[in-house]
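Each chain, letter by letter, is given below.
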Amino acid sequence: MAGLGSACLVVALLTAGYAAAASLYGARTHKRAWVVSGRRAIYCLAGLTVTATVVLQAAFLRSDFSFKLVAEGSSTDTPTFYKATAMWATQDGSLLLWALLLSVFSSVVLFLTRRSLREIAPYATAVLGVVTAFFLLLMVGWENPFTTLAVAPVEGAGLNPLLRHPAMMIHPPMLYTGYVGFAIPFAFAVGALVTRNTGADWIRATRRFALVAWTFLGTGILLGALWSYTELGWGGYWAWDPVENASLMPWLTGTAFLHSVMVQEKRGMLRVWNVCLIVATFVLALVGTFLVRSGILESIHAFGASTIGAQFLAFIALVLVGSTALVVWRLSDLRSEARLDSLLSREAFFLLNNLVLVALCLVIFWGTFFPLISDAVGAEASVGPPWFNRLVTPLALVLVLVMAIGPMVAWRRVTPAGLRRVVAIPAVVMLAVLVALVALTGAAESVTALIMFCLAALVLAVVGQELWRGASARRTMTGEAWPVALGRLFGRNRRRYGGYVVHAGIVVLFLGVAGSSAFAEQTDSRLSPGDTLRTGGYTVTYERATARLGGDGAGTGAPISFGAVLRLRDDDGHEQVLHPARNFYPTRDASKGAIGRYFEGEATSEVDVRWGLTRDFWTAVRPDVSALDGPIREANAKFADAGDEVQAVVIAAIAERYRSQPPPATFRTIVSPLVSWIWIGGGIFLLGALIAAWPSPEARVRRVRSLYKARLGKELSGA
Amino acid sequence: MDPSRKRRLRLVLALSVAVLLAGALVYTSFSASTRASTPSDVVTSAEPGRSYELTGKVVDGSVDREGERLRFEIRDRDGTTSVPVAYEGVIPDPFREGREVIVEGELERGTFVAERDSLVTKCPSKFTKDEEST
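Because the structure is a prediction, the values reported are computed rather than measured. (Residues numbered from 1 in each chain as written. Chains lettered and ligands numbered in written order. Predicted model: local features only at pLDDT ≥ 70, side-chain atom pairs only at ≥ 80, totals over all residues.)

1. What about the overall build of chain B?
Of regular secondary structure, chain B possesses 3 helices and 8 strands. Listing each helix as α and each strand as β along chain B from the N terminus yields α-β-α-β-β-β-β-β-β-β-α. Buried positions account for 28% of the 134 residues belonging to chain B. Of all intrachain contacts in chain B linking residues separated by at least 6 positions in sequence, the fraction that spans at least 24 positions is 46%. (Helix = DSSP H or I, 4+ residues; strand = E, 2+ residues; numbered from the N terminus. Buried ≥ 20, exposed ≤ 12 C-beta atoms within 10 Å, placed from the backbone. Contact = placed C-beta atoms within 7 Å.)

What follows is the structure in structure tokens.
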């Protein structure tokens, strides 16, 4: 089977090269047949990568340890769900995932544009072919996922326990879908530049792909944050880790792109800017993949040194230099059709929003690569989360302010009277919220949080007002009932109103970020059973220790799980019980002893969170296993050669000893206000993005009409 | 003001804001950064009162836990020079002897006193390779 997989990759590499060459040749010589052949080669490419993925996936599911990848990343006792998703936990597997997603997306977009964009599409095909070929070349040349072992081991190493979390298994494909998706508008932008079709056609053809890619990337980032919050045992959701930053940067430039393309569609402005943004976004997506896989920056994600860093760097340089040269070469074709009429106009605010987003991206880029930058000018140094927070917070506040004002101002220019009319109600709402927060809550303790809460209220009021104005205008015109009017309003202009919903989601998310980063209360304490601690209006009592064998509740396949029963009582007297635990995964290192290896391997925190709309109670436990060192050492000596069943009995005895005579354990508790709103905001964001990306009925009608026209034309010419 | 002068003024204004922001970026990053160093750097040339980010491998058999306090030694990635570390706070899940760790703190009388909760463990390079080598 491995042979089939390898063969697929080699043939796919040749096919990708052929697709690029054929479509280029066809475009240069105006031979349609070659262009069509190049496009079909991309469909074929998708078929080949799907086959290769199926072969690899089947090997994981069958636990075929003759595959090196399967032996390293899976085992027979890995739960099936994690077997199916272990592929992208490995470097080679994630390269295959990139190639798979890219070839499938390319096929879809080329299929949809097969009757339009005759000039641009062949060049886009060539670009997509080259990018896919690069990833295939990496696999064929250096990191073949189908490498086999001469002697298949009886058992695999198993999936890294830290990755055994549902969010973690969906997070990488989501990020990759986002990264890969941006390749599509990039490819068409290149095509537009080469053929001097620098109008808005390439944007219209690919904007839905950009939107979908952006949605996936955003959702992926949020899932990563959720994983960090519930699995890593430190209780935070964002650490300004290089790899987190790497995923955020293309998302920020992508956000800027989605906004500024509207200016190009409407007014024919910002053409150079848009092309630069999509190039930057795609390059940053490549950088994101490169950072995860190369380990050049210290990061929790840095899975050691990689063999393909140099190749990646060369490819990124090629893309960057090539696109820059192309933009400079075509600068005269990218002139604006219009000029900015007024600073108080929709397009000016779009521009401002773009500048803030790009500034954010630059700050994050500088901070992320600071170790390399400082190394180049002197001693290697790095900046920590406080630095990021200090620079990013003011920019985020400005961004939310722009988000509030932007939708209120009209295209071209707005009169002061017109502005006053729309600003009045949201401003009153904001002031009311300010007064209420200062009078009724302790929010004024953090000025930043207070400003963020007020600006968020402003944005929500603006969104509400826009929906109300739109719906009431429909009502006066058509006499529809409120829900019908609102529904049709969304239906008529999905991108605009979906966008407003996204705005609402983002500010709700910011509410959660502001509340939890300004007002969280964290304790770390060592408790013995019976001990009590007070934190953030809660009384926490460590009631007793637990020891569980043969599988934890979350189904991660951990053989041993030590935990605690905590009784949580809030000031109103409500009681709850929490069960934080710690999973222990055996190591195969024989020097730790036959019994010791069960306790000395990887261990992960299984945190327990009481989710709440006003605040979360988060807790993790770290049992002190060193108290069991004596019995474990004794058991190592006595039962070194005992059978599995005897060893199981011994481990059960040790676990029982932990349960009945527990040593003090370390607990971390965090009372975090409003943190749930991050995930709720994420949900609203996703909903809004789906509304915006969903094909509108008009678009469908337009497509049917153009198809009909094309067929009619064909029949007429045939007659 | 005629439109072209107005535009030029805008451009100058925007550029100066950009330069100012870039200056702030560069200045704050250099002043707020912590210097990365290895155990041999710290042992030979640490200035007192300056914060360092120490990277190295945990020496086998050096880990000693007394309640909340963790004492261990860090050695150079490819060498034997080591420095004792005193640490308090949360120990990351993958912390083990022989693993590469990063910790922030200052050198005080020959011991590297770490900041609370500053310990970071790098993920084992590959889950299996690590097991074979330890």
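2. Looking at the overall build of chain A
Helix and strand counts for chain A come out as 23 helices and 11 strands. Residues classed as buried in chain A amount to 50% of the 719 residues present. In chain A, of all internal contacts separated by at least 6 residues, the share reaching a separation of at least 24 is 75%.

3. Comments concerning unusual backbone geometry
Within the chain, A:H30 stands out as a residue other than glycine whose phi angle is a positive 55 degrees. Among the secondary structure elements, A:H30 is positioned in the loop between helix 1 (2-29) and helix 2 (32-61). Even without a glycine there, the phi angle at B:R109 is positive, about 45 degrees. Following the sequence through the fold, B:R109 ends up in the loop between strand 6 (100-108) and strand 7 (111-114). C-beta crowding within 10 Å serves as the criterion here: with 6 such atoms nearby, B:R109 is assigned to the exposed category.

4. Describing the packing of helix 17 (residues 447-478) of chain A against helix 18 (residues 482-492) of chain A
Two quantities define a packed helix pair, namely the angle between the helix axes and the distance between the axes. Residues and elements named next belong to chain A. With their axes 9 Å apart at the nearest point, helix 17 and helix 18 run at an angle of 110 degrees to one another. One element, helix 17, and the other, helix 18, form an angle in the roughly perpendicular class. Between helix 17 and helix 18 lies a crossing of right-handed hand. Contacts from L467, G470, A471, R474 and R475 in helix 17 reach W482, A485, L486, R488 and L489 in helix 18. Of the residues in the contact of helix 17 with helix 18, the class split is 6 nonpolar, 1 polar and 3 charged. (Axes fitted to C-alpha atoms, helices over the stretch in contact; angles between N-to-C directions. Parallel < 35°, antiparallel > 145°, perpendicular 65-115°, else oblique. Left-handed = near helix turned anticlockwise from the far one by under 90°. Nonpolar A, V, L, I, M, F, W, Y, C, P; charged D, E, K, R; others polar.)

5. Some details on the environment of A:E634
All names here are of chain A. Checked against the element boundaries, E634 lands in helix 20 (residues 629-638). According to the C-beta neighbour criterion, E634 is partly exposed, with 13 such atoms within 10 Å. Put simply, E634 and G596 are 38 residues apart on the chain and 9.8 Å apart in space, counted from C-alpha to C-alpha.

6. Description of the packing of helix 16 (residues 416-440) of chain A against helix 17 of chain A
All names here are of chain A. Taken N-terminus to C-terminus, the directions of helix 16 and helix 17 make an angle of 145 degrees; their axes are 8 Å apart at the nearest point. Here helix 16 and helix 17 pass one another in a crossing that is right-handed. Contacts from I425, P426, V429, M430, V433, L434 and L437 in helix 16 reach L450, F453, C454, A457, L458, A461, V462 and Q465 in helix 17. Here the residues of the contact of helix 16 with helix 17 are counted per class, giving 14 nonpolar, 1 polar and no charged.

7. A few points about the sheet that holds strand 2 (residues 521-527) of chain A
Residues and elements named next belong to chain A. Taken in spatial order, the 4 strands of this open sheet run 2-11-10-9, and their pairing is antiparallel. The sheet is open, and its two borders are formed by strand 2 and strand 9 (608-610), each paired with just one other strand. Recorded for the sheet is a direction-independent mean angle of 15 degrees between the axes of neighbouring strands. Of the strand pairs in this sheet, strand 2 and strand 11 (residues 665-673) are connected by 7 bridges, and their pairing is antiparallel. (Pairing = 2+ DSSP bridges.)

8. Points about the confidence of the model for chain B
All names here are of chain B. Overall, the predicted model of chain B reaches an average pLDDT of 77, with 85% of residues at or above 70. Note that residues 124-134 has pLDDT below 50 and, in this model, 20 contacts with residues that lie over four places away or in other chains. Interface confidence in the predicted complex, given as ipTM, is 0.73; pTM for the same model is 0.87. (pLDDT = per-residue confidence, 0-100.)

9. Re the nonpolar core
Residues and elements named next belong to chain A. Formed by 192 residues in total, the largest nonpolar core has its most connected members in A183, V400, F453, A456, V459, V507 and F510. Composition of this core by domain shows at least three residues from each of domain 1 (1-158) and domain 2 (415-520 + 678-688). Contact partners of V507, with chain neighbours within four places excluded, come to V400, A456, V459 and L460. Residues Y542, L578, V650 and I654 belong to the second largest nonpolar core, which totals 35 residues. (Core = buried A, V, L, I, M, F, W, Y, C linked by C-beta atoms within 7 Å. Domains from an automatic or database assignment.)

10. Looking at the domain arrangement of chain A
As far as domains go, chain A holds domain 1 (1-158), domain 2 (415-520 + 678-688) and domain 3 (521-674). Computed over C-alpha atoms only, the centres of domain 1 of chain A and domain 3 of chain A are separated by 43 Å.

11. Quick notes on the confidence of the model for chain A
Residues and elements named next belong to chain A. Averaged over all residues, the pLDDT of chain A equals 85, while 94% of them reach at least 70. Ranking the elements of chain A by mean pLDDT puts helix 23 (residues 697-718) last with 60 and helix 22 (residues 676-693) first with 93. Within the model, the stretch residues 299-304 combines pLDDT values under 50 with 20 contacts to residues more than four positions away or in other chains.

12. Some details on the pairing of strand 7 of chain B
For a regular strand, side chains alternate in direction, first toward one face of the sheet and then toward the other. Residues and elements named next belong to chain B. Relative to strand 7, strand 5 (residues 82-88) runs parallel, the two being bridged by 2 bridges. The residue of strand 7 that forms the bridge with A86 is V113. Turn length for the strand 6-strand 7 hairpin, with the two strands adjacent in sequence and antiparallel, is 2 residues, and the turn residue R109 shows positive phi of about 45 degrees.

13. Focus on helix 22 of chain A
All names here are of chain A. Between its terminal C-alpha atoms helix 22 stretches 26 Å, which fits the 26 Å expected from 18 residues at 1.5 Å a residue. Those residues of helix 22 not exposed but buried are W677, I678, G681, G682, F685, G688, A689, I691 and A692. Taken together, the buried residues of helix 22 touch helix 9 (201-231), helix 18 and helix 19 (494-519). (Expected span 1.5 Å × (residues − 1).)

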